[in-house]
Amino acid sequence: MIEKTRIMEKPKALVFGNFNYSTNNLCGQTVKTRNVYQLLKSKESQYFSEVVIFDTDSLNANKLGMFQGLYHVIKADELFYLPATKNLTYIFPFVFILSKLFSTKIHFVVVGGWLGDFLQSKPIYRFMISKVHHIYPETDALCNCLTMAYGFNKVMRLNNFRDTHFAPVQRATVNPIQLVFMARVHPLKGVETLFKLSQILYELNQENVSIDIYGPIFEEYNEEFNNLLNTANNNITYRGVLQPNEINSVLSKYDIMLFPTQYYTEGFPGSILDAYISGIPVIASNWKYANEFIDHTSGAIVEFNDVDAFINKVLKLIESPEQIDALKQGALAKSHEFSSDKAWEIIKSTTFPIKQ
């Protein structure tokens, strides 16, 4: 092991993950990676000598850039690592070995809920991850899996978070009722359920209800999605991709967030967090961790992969504007659990533990 000699007492931090600055294709992975960096950067002058990044998206254009990424690992004292499955499979072994050789502490920040399943048949990866400085899942269920099933002992829940230092905008529910979906436009996100809902609203002459869709379109789904749009009724519209600084002001104009996901191992989707911060409740399918984030005060959960149940819940709720308004208050109250200040409390406690 090679001990680093620092000129300054403060550690150097590296955020290693997919920022996707080349195409600015925002998704849960890229947004969380950027948020972690922005949080650490905001604490730089007080806690770190420097906070730098390595964007794994850059490897798509230049595979040799990995040497630069590994050099950053060697030079870092605190490594905040946010991998997806490909990154974890092919890059992490090199990162892990270097971290041990050069005394770099790995803070494994989990995005989504897939890690438990990934590790099930991979003893070598279980061994490596058991040796990192800390693991930060988004859910209690995954924390329990990692500690109980795999015996990891440095696990601490770190909620998905946003910088919530703004005054939330909230409006009373009025006609027309505006429904919104904001996530990656992909069949596994339940997009086709939105078109079925649109058709039923049309058949019921519910002209006071509209559905807007925001999010990047999955490339292989682009043609099919556009065909759905071209044949759909005029009560459903694709509105493009929102930039982070637009999300709150735009979502605040809506009444309900629709999240009919068919991806069972979602972690804590950022779109639900953005909905809460914007003061709108969520109707979601019952993915693996749904009950940790949505309750009767902030929205509704329906049976997983039950399109009819999802649509019926939406129809029932739009008939009760006063109930929507009550849920809006609950959603806004719930948002305070997911602030950047609370996230920093967790990171600070593991990065700068108080010495007894």
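Everything here concerns the structure above.
A brief look at the structure comes next. Here the residue numbering is sequential within each chain, running from 1 through the sequence in written order. Per-residue local features of the predicted model are confined to residues with pLDDT of at least 70, and side-chain atom pairs are confined, for both listing and counting, to 80 or more; whole-chain, interface and lining totals are unaffected and use all residues. As a rule here, side-chain values come from all non-hydrogen atoms in the structure, and water together with hydrogens is ignored.

Considerations on the overall build of the protein chain
Across its full length, the protein chain carries 15 helices and 11 strands. Taken along the three principal axes of its C-alpha coordinates, the protein chain extends 70 × 45 × 35 Å. Per-residue burial for the protein chain yields a buried fraction of 54% across its 356 residues. Here a residue-residue contact requires only that any non-hydrogen atoms of the pair lie within 4.5 Å. Sequence-distant contacts, at least 24 apart, represent 75% of the contacts inside the protein chain between residues at least 6 apart. Under the convention used here, a 1.4 Å probe and the Shrake-Rupley method define accessible areas, while residue burial counts only the protein chains that appear. Carbon and sulfur atoms make up 53% of the accessible area of the protein chain, which amounts to about 16,800 Å² in all. Only four residue types enter the tally: Lys and Arg on the positive side, Asp and Glu on the negative side; His and the chain ends are excluded. Throughout, a charge is located at the NZ atom of Lys, the CZ atom of Arg, the CG atom of Asp or the CD atom of Glu. Between the centroid of the 33 positive side chains of the protein chain and the centroid of its 35 negative side chains there is a distance of 10 Å. Each helix is a run of H or I in the DSSP string that is no shorter than four residues. Each strand is a run of E no shorter than two, and both are numbered from the N terminus. The cut-offs for exposure are 20% and 50% of the maximum accessible area for each residue type, with area from a 1.4 Å probe on protein chains only; residues under the lower value are buried, those over the upper are exposed, and the others partly exposed.

Side note on the pattern of salt bridges
Oppositely charged side chains can pair when the atoms bearing their charge come close. Whenever a carboxyl oxygen of Asp or Glu lies within 4 Å of a side-chain nitrogen of Lys or Arg, that contact is scored as a salt bridge. Scanning the model with the defined rule gives 12 salt bridges in all. The salt bridge partner of Arg-162 is Asp-274, with a shortest N-O separation of 2.9 Å. One end of the pair, Arg-162, is in the loop between helix H8 (140–149) and strand S6 (177–182); the other, Asp-274, is in helix H12 (residues 270–277), and 112 residues separate them in sequence. Residue class for Asp-274 comes out buried when judged on its relative accessible area of 8%. For Asp-212, the salt bridge is made with Arg-239, and the minimal N-O distance between the two is 3.3 Å. In this pair, Asp-212 sits in strand S7 (residues 209–214) while Arg-239 sits in the loop between strand S8 (236–238) and helix H11 (247–251), placing the two residues 27 residues apart along the sequence. The class of Asp-212 is buried, set by a relative accessible area of 5%. Linked through salt bridges whose partners overlap, the residues forming this network are Asp-140, Arg-157 and Glu-292.

Things to note about the sheet that holds S7
DSSP bridges decide pairing: two strands pair if at least two such bridges lie between them. One open sheet holds the six strands; their spatial order is S8-S7-S6-S9-S10-S11, and the pairing between them is parallel. Both edges of this open sheet fall to S8 and strand S11 (299–302), since each of them pairs with a single strand only. The average undirected angle you get between the axes of adjacent strands in this sheet is 20 degrees. Pairing geometry for S6 and strand S9 (residues 256–259), over two bridges, is parallel. Looking at S9, one finds that Leu-179 is bridged to Ile-256. The angle between two axes is taken between their N-to-C directions and runs from 0 to 180 degrees, where each axis is a line fitted to C-alpha atoms and a helix contributes only its stretch in contact. Contacts between H12 and the sheet are confined to S6, S9 and strand S10 (282–285), with S9 contributing the most and set at about 170 degrees to the helix.

A look at the side chain of Thr-265
Tracing the backbone shows Thr-265 in the loop between S9 and H12. Leave out the neighbours within four places in its chain, and Thr-265 touches Gly-112, Gly-113, Trp-114, Asp-117, Lys-288 and Tyr-289.

Comments concerning the nonpolar core
In these notes, a set of buried Ala, Val, Leu, Ile, Met, Phe, Trp, Tyr and Cys residues joined through side-chain atoms within 4.5 Å is what counts as a nonpolar core. Among the nonpolar cores identified, the biggest contains 91 residues, and Phe-92, Leu-115 and Leu-179 are the most heavily contacted of them. A per-element tally of this core places helix H13 (residues 307–318) first, with seven residues. Look past the residues within four positions of Phe-92 in its chain and what remains in contact with it is Tyr-81, Asn-87, Ile-106, Tyr-125, Met-128, Ile-129 and Val-132. Core analysis: the next-biggest nonpolar cluster, separate from the first, contains 20 residues, Val-15, Phe-19, Phe-80 and Phe-161 among them.

What about empty space enclosed by the protein?
Rolling a probe over the atoms, with the probe sized like a water molecule, indicates the empty space that remains. For each structure, a 1 Å grid was placed over the protein atoms alone; sets of points admitting a 1.4 Å probe that cannot get out are labelled cavities, open sets with protein on both sides within 12 Å along at least five of seven lines are labelled pockets, and lining residues have an atom within 4 Å of a point. Grid points are joined across faces, edges and corners, and a volume is the space filled by probe spheres set on the points. Going through the model one piece at a time under the given rule, you end up with one cavity of 30 Å³ or more. Lining the largest cavity are Thr-193, Pro-260, Thr-261, Gln-262, Ser-285, Val-302, Glu-303, Asn-305, Asp-306, Val-307 and Phe-310. Gly counts as polar in this scheme, as do all residues outside two lists: the nonpolar Ala, Val, Leu, Ile, Met, Phe, Trp, Tyr, Cys and Pro, and the charged Asp, Glu, Lys and Arg. Of the residues contributing to the lining of the largest cavity, the split by class is four nonpolar, five polar and two charged.

A look at the sheet that holds strand S2 (residues 50–55)
Taken in spatial order, the five strands line up as S2-S1-S3-S4-S5 in an open sheet, and their pairing is parallel. Every other strand in the sheet has two partners, leaving S2 and strand S5 (134–136) as the edge strands with one partner each. Going from strand to strand, the sheet's axes swing by 20 degrees on average, the running direction of each strand aside. Of the pairings in the sheet, the one linking strand S1 (residues 12–17) to S2 comprises six bridges and is parallel in character.

Considerations on the packing of aromatic side chains
Each pair of aromatic rings taken from Phe, Tyr and Trp, with Trp reduced to its six-membered ring, is defined by centres within 6.5 Å and is described as stacked if the planes are under 30 degrees apart, edge-to-face if over 60, and tilted in the remaining cases. By the definition in use, this model includes 23 aromatic pairs. Between Tyr-214 and Tyr-254 the ring centres are 6.1 Å apart and the planes differ by 85 degrees, which places this aromatic pair in the edge-to-face class. Of the two residues, Tyr-214 sits in strand S7 while Tyr-254 sits in the loop between H11 and S9, which places them 40 residues apart along the sequence. As far as burial versus exposure is concerned, Tyr-214 and Tyr-254 are alike and both buried.

Remarks on the pairing of S6
Within S6, five of the six residues are buried, which leaves the element mostly enclosed by the surrounding structure. For S6 and S7, the ladder comprises six bridges, and the chain directions are parallel. The residue bridging Val-180 from the neighbouring strand is Asp-212, located in S7. Chirality of the crossover, the property in question, places the unit of S6, helix H9 (residues 191–203) and S7 among those that are right-handed. Classification remark: right-handed applies to a crossover when, strands pointing away from the viewer, the course from the first strand over the helix to the second runs clockwise.

Structural notes on H13
Any helix carries an expected span of 1.5 Å times its number of residues minus one. Over its 12 residues, H13 extends 17 Å from the first C-alpha to the last, a length consistent with the 16 Å expected when each residue adds 1.5 Å. All of the buried residues along H13 are Val-307, Phe-310, Ile-311, Val-314, Leu-315, Leu-317 and Ile-318.

Quick word on the environment of Val-51
Along the chain, the position of Val-51 falls in strand S2. Spatially, the C-alpha atom of Val-51 lies 20 Å from that of Phe-96, the residues being 45 residues apart in sequence. With residues near it in sequence (within four places) discarded, Val-51 still touches Ala-13, Val-15, Tyr-37, Leu-40, Lys-41 and Glu-44.

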